[in-house]
Amino acid sequence: MFTRLRTFTVLAAVGASSFLAAPHASAEVEPGGWTSVSPTFTVQERGCGQVDGLTFTLTCSTASGDQRAERRYATYTGGTRQFEGYFRISSLSGTRISLKQTFNESAAGPYFMLAAERGGRLYAVHGGDTLSNAGTVGATVRVNTVHQVGTSHRTYINGSLKHTYDSPGGSFYDKFGAYRTNSGNGPATVVWSDVRFWRK
């Protein structure tokens, strides 16, 4: 009896520790009817940008030119697309670094950009709206974007809707990493994890 009880206690302890150590549980927001997809991507390194797997680094403090370290995913048109990923800013000596973009290929320019300021403010580059103050160095933040092409683009931070933006039609693609905005500069290192995509 003692042996059985001890075995159960050990298994329960192992199970509890496994649960605590488990990675983030990815789950789409706005549930219902989503199909998981795996779009292809290319790596973009420009200026002092460096990419190592899901670690994106700007090594310089240059406040001009194209300083970027990103993944650029395949183009989509029509329908509704969802992105999910977790980022952690492991260092930020600079400020105003773009983390996630929805790029309007039809208009040849960024359509939505989520950026971080030193101190933790997360904001929409176009319009300047504050979405959250959760982006402090060392904190892990969940980001979901839901893009209904031709209707709207919604951004969730840690599961809460924080920003809604009208969307034109056309061709778009997702990007994430570390990218110097027009008013920003590095150095910065951003680590992404648990990146997933859906469509419907």
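Predicted model only: the values in this text are computed from it and were never measured. Counting from 1, residues in each chain are numbered in the order their sequence is written. Where totals are concerned, whole chains, interfaces and linings use all residues; where local detail is concerned, this predicted model gives features only for residues with pLDDT of at least 70, and gives and counts side-chain atom pairs only at 80 or more. Remark: hydrogens and water are excluded; side-chain values derive from all non-hydrogen atoms of the structure.

A few points about the packing of aromatic side chains
Phase 1: Aromatic rings from Phe, Tyr and Trp, taking only the six-membered ring of Trp, are treated as a pair when their centres fall within 6.5 Å; an angle between ring planes under 30 degrees marks them as stacked, one over 60 as edge-to-face, and anything in between as tilted. Overall, the coordinates contain 13 aromatic pairs when judged by the stated rule.
Phase 2: Taken together, a centroid distance of 5.8 Å and an interplanar angle of 45° make the contact between Phe 83 and Phe 176 tilted. With Phe 83 in strand 7 (residues 80-92) and Phe 176 in strand 15 (residues 171-185), this pair connects stretches of sequence that are 93 residues apart. Taken individually, Phe 83 and Phe 176 each receive the classification buried, so the pair is uniform in this respect.
Phase 3: Ring plane angle 65° and centroid distance 5.5 Å describe the contact between Tyr 111 and Phe 172, whose orientation is recorded as edge-to-face. You can see Tyr 111 sitting in strand 9 (residues 109-116) and its partner Phe 172 sitting in strand 15, a full 61 residues away along the chain. We note that Tyr 111, like Phe 172, is buried.
Phase 4: An aromatic cluster of three or more residues is present, and its members are Phe 41, Phe 56, Tyr 73, Phe 83, Phe 87, Phe 176, Trp 192 and Phe 197.
Phase 5: The ring of Tyr 173 has Arg 72 sitting right over it, with the charged end atom 3.6 Å from the ring centre. Under the DSSP-based scheme used, a helix requires at least four consecutive residues in state H or I and a strand at least two consecutive residues in state E, with every element numbered from the N terminus. For each residue, the accessible area found with a 1.4 Å probe, counting protein chains only, is set against the maximum for its type, and the residue is called buried under 20%, exposed over 50%, and partly exposed in between. In this scheme, Lys NZ or Arg CZ marks a charge over a ring once it lies within 6 Å of the ring centre and within 35 degrees of the ring normal.

So, the nonpolar core
Phase 1: Residues Phe 87, Leu 122, Val 143 and Trp 192 are the most contacted members of the largest nonpolar core, which totals 32 residues.
Phase 2: It only takes one pair of heavy atoms within 4.5 Å for two residues to be counted as in contact. Dropping the residues within four chain positions of it, Leu 122 is found in contact with Phe 87, Leu 99, Leu 114, Ala 115, Ala 116, Asp 129, Thr 130, Leu 131, Ser 132, Gly 135, Val 141 and Ile 157.
Phase 3: In these notes, a set of buried Ala, Val, Leu, Ile, Met, Phe, Trp, Tyr and Cys residues joined through side-chain atoms within 4.5 Å is what counts as a nonpolar core. Counting residues in hydrophobic clusters, the runner-up holds 5 residues, among them Val 29, Trp 34, Val 146 and Trp 198.

Points about the pairing of strand 15
Phase 1: Of all 15 residues that make up strand 15, 12 are buried, and the element is covered over most of its length.
Phase 2: Only strands that DSSP links by at least two bridges are regarded as paired with each other. Here strand 5 (residues 68-73) runs beside strand 15; their pairing, made up of 5 bridges, is antiparallel. Bridging across to strand 15, Ala 69 finds its partner in Ala 178.
Phase 3: With 2 bridges connecting them, strand 6 (residues 76-77) and strand 15 associate as antiparallel partners. For Thr 77, the partnering residue across the bridge sits in strand 15 and is Ser 171.
Phase 4: Relative to strand 15, strand 8 (residues 95-104) runs antiparallel, the two being bridged by 8 bridges. Across the sheet, the residue bridging to Lys 100 is Phe 176, located in strand 15.

Things to note about the confidence of the model for the protein chain
Phase 1: On average, the protein chain scores 89 in pLDDT, and the residues at 70 or more come to 87%.
Phase 2: pLDDT under 50 marks residues 1-23. Its contacts with residues more than four places away, or in other chains, come to 0 contacts. You can read pLDDT as the predictor saying how much it trusts each residue, on a scale of 0 to 100.

A closer look at the environment of Gly 150
Phase 1: Summarising the element assignment, Gly 150 is placed in the loop between strand 12 (140-148) and strand 13 (152-157).
Phase 2: Taking relative accessible area as the criterion, Gly 150 reaches 43% and is therefore assigned partly exposed.
Phase 3: C-alpha of Gly 150 to C-alpha of Gly 78: the two residues are 72 residues apart in sequence and 7.5 Å apart in space.
Phase 4: Sequence-distant contacts of Gly 150, defined by excluding residues within four places in its chain, comprise Ser 167, Pro 168 and Gly 169.

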